[in-house]
Amino acid sequence: MIPEIEYIKETELDLALQHLASDKKVIPFAGGTDVLIELRKSKNPFDRKALLDVKGLGLNDIYIHSDTVIIGAASTHTEVEDNEIIKSKLPVLTKASSLIGSKQIRNRGTIGGNIINASPCADTVPALLLYDAQIVIRSLSEDRTVPLSEFITSPYETVLQKDELVTEIRAFPVAEDYGWGYYKLGRRGAVNISRMTVAALMKVDGEGKINEIRVSAGSVFPITSRISDVEKMLVGEKPKAEIFRRAGEIAAEKMIETSGRRWSTPYKESVVKELIVRVLNEAYSRCKNDDLS
Ligand SMILES: Cc1cc2nc3c(=O)[nH]c(=O)nc-3n(C[C@H](O)[C@H](O)[C@H](O)COP(=O)(O)OP(=O)(O)OC[C@H]3O[C@@H](n4cnc5c(N)ncnc54)[C@H](O)[C@@H]3O)c2cc1C
């Protein structure tokens, strides 16, 4: 049962921020698909006195400003998935959003809530890391922008303070000739929270060599992150099976180095190798390069 808790809804950002800055303990929420589950699990896990609904604050615009895609933090996964700007500029995010949970979860859950919940299996995070996303944060006293790569500090922890709201996410599209891939491994037949996710963006030059590559992974490391060792190895190489296999091995080695060997390692090791190969093949198959045709 959900404990009784005060519900606050404001339509102006400053009024919402005043609640967060007050002595009263207030927790913001958007879709509530993570928060309400936590509330059910315990009497009041947040030890807070009120829930602040951010959905009336108009934080669900999606638009382009100076080549940057701005996504309101309270945009639902459905709004992100269906948005034409995101389809053309951030296709990996469209794909990630389309694979979240069920239609009902996508209709309620938001991109901001997904990032702020900071679960290692949050599906939008690997996609947004490829686009060097930044998180825009506001409080009554300060506005600040934090790279997504620094926003999540450990599983389920972020740099967000009690008096702050995330208002938008900024993402930086790449040129159209980049290929992309996104793979989510989930439990078959279930409402699919991921077991592992990998994402990649790849650009191939006129000689057929990889000249830019970005690879990220969720539920591989404690914090979803880019895999720089894999990226460094791939730059300058011709995309071929042997090189992609080596990339998978490096990702698996990095995973074991970071988290040690556990009961799940034999399974995860082979899965991460395979997913990296698949995502690189998928990204390469989408690379556009007139010099190669
Ligand atoms: C059945 C089910 C299936 C799911 N499947 C998936 C899945 O496949 N993939 C996946 O990634 N996730 C999945 N989830 C998790 C969840 O739906 C997503 O993480 C969702 O995006 C959370 O968004 P929300 O708006 O509901 O967050 P909320 O529950 O409203 O909030 C989550 C956290 O963010 C904070 N918060 C929210 N908005 C703001 C803001 N603007 N400023 C400051 N703090 C804020 C809240 O305080 C809370 O800490 C699933 C959940 C359920 C219940």
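Because the structure is predicted, anything quoted here is derived from the model rather than measured.

**Describing the domain arrangement of the protein chain**
In many analyses, interface size is given as the accessible surface area lost on bringing the parts together. Each assigned domain of the protein chain is listed with its residue range as follows: domain 1 (6-53), domain 2 (62-171) and domain 3 (179-288). Look at where the C-alpha atoms of domain 1 and domain 2 centre, and you get two points 19 Å apart. In this assembly, 18 residues from domain 1 lie in contact with 14 residues from domain 2. Buried surface at the junction of domain 1 and domain 2, both sides included, amounts to about 1300 Å², of which 65% is carbon and sulfur. Viewed at the interface, domain 2 and domain 1 are joined by 1 salt bridge. For Arg 138, the salt bridge goes to Asp 14, with nearest N and O atoms at 3.6 Å. At the junction of domain 1 with domain 2, the criterion picks out 5 residue pairs in polar contact (both at pLDDT 80 or more).

**Side note on the pattern of salt bridges**
Overall, the coordinates contain 22 salt bridges when judged by the stated rule. The partner of Glu 164 in a salt bridge is Arg 144, with the nearest N and O atoms 2.8 Å apart. Note that Glu 164 is positioned in the loop between strand 9 (157-158) and strand 10 (165-171) and Arg 144 in strand 7 (residues 143-147), a separation of 20 residues in sequence. The class of Glu 164 is buried, set by a relative accessible area of 5%. Between Glu 257 and Lys 254 there is a salt bridge; the shortest N-O distance is 3.3 Å. Taken together, the residues span about one helical turn, with Glu 257 and Lys 254 both in helix 11 (residues 241-259) at a distance of 3 residues. Classification of Glu 257 by relative accessible area gives exposed; the value is 60%. Accessibility expressed as a relative area gives 25% for Lys 254, which makes it partly exposed.

Basis of the calculations
Residues numbered from 1 in each chain as written. Predicted model: local features only at pLDDT ≥ 70, side-chain atom pairs only at ≥ 80, totals over all residues. Heavy atoms only, no water. Domains from an automatic or database assignment. Contact = heavy atoms within 4.5 Å. Buried area = accessible area lost by both parts, 1.4 Å probe. Salt bridge = Lys/Arg side-chain N within 4 Å of Asp/Glu carboxyl O. Polar contact = N/O pair within 3.5 Å; in protein donor to acceptor, adjacent residues only side chain to side chain. Helix = DSSP H or I, 4+ residues; strand = E, 2+ residues; numbered from the N terminus. Buried < 20%, exposed > 50% of the residue type's maximum accessible area, 1.4 Å probe, protein only.

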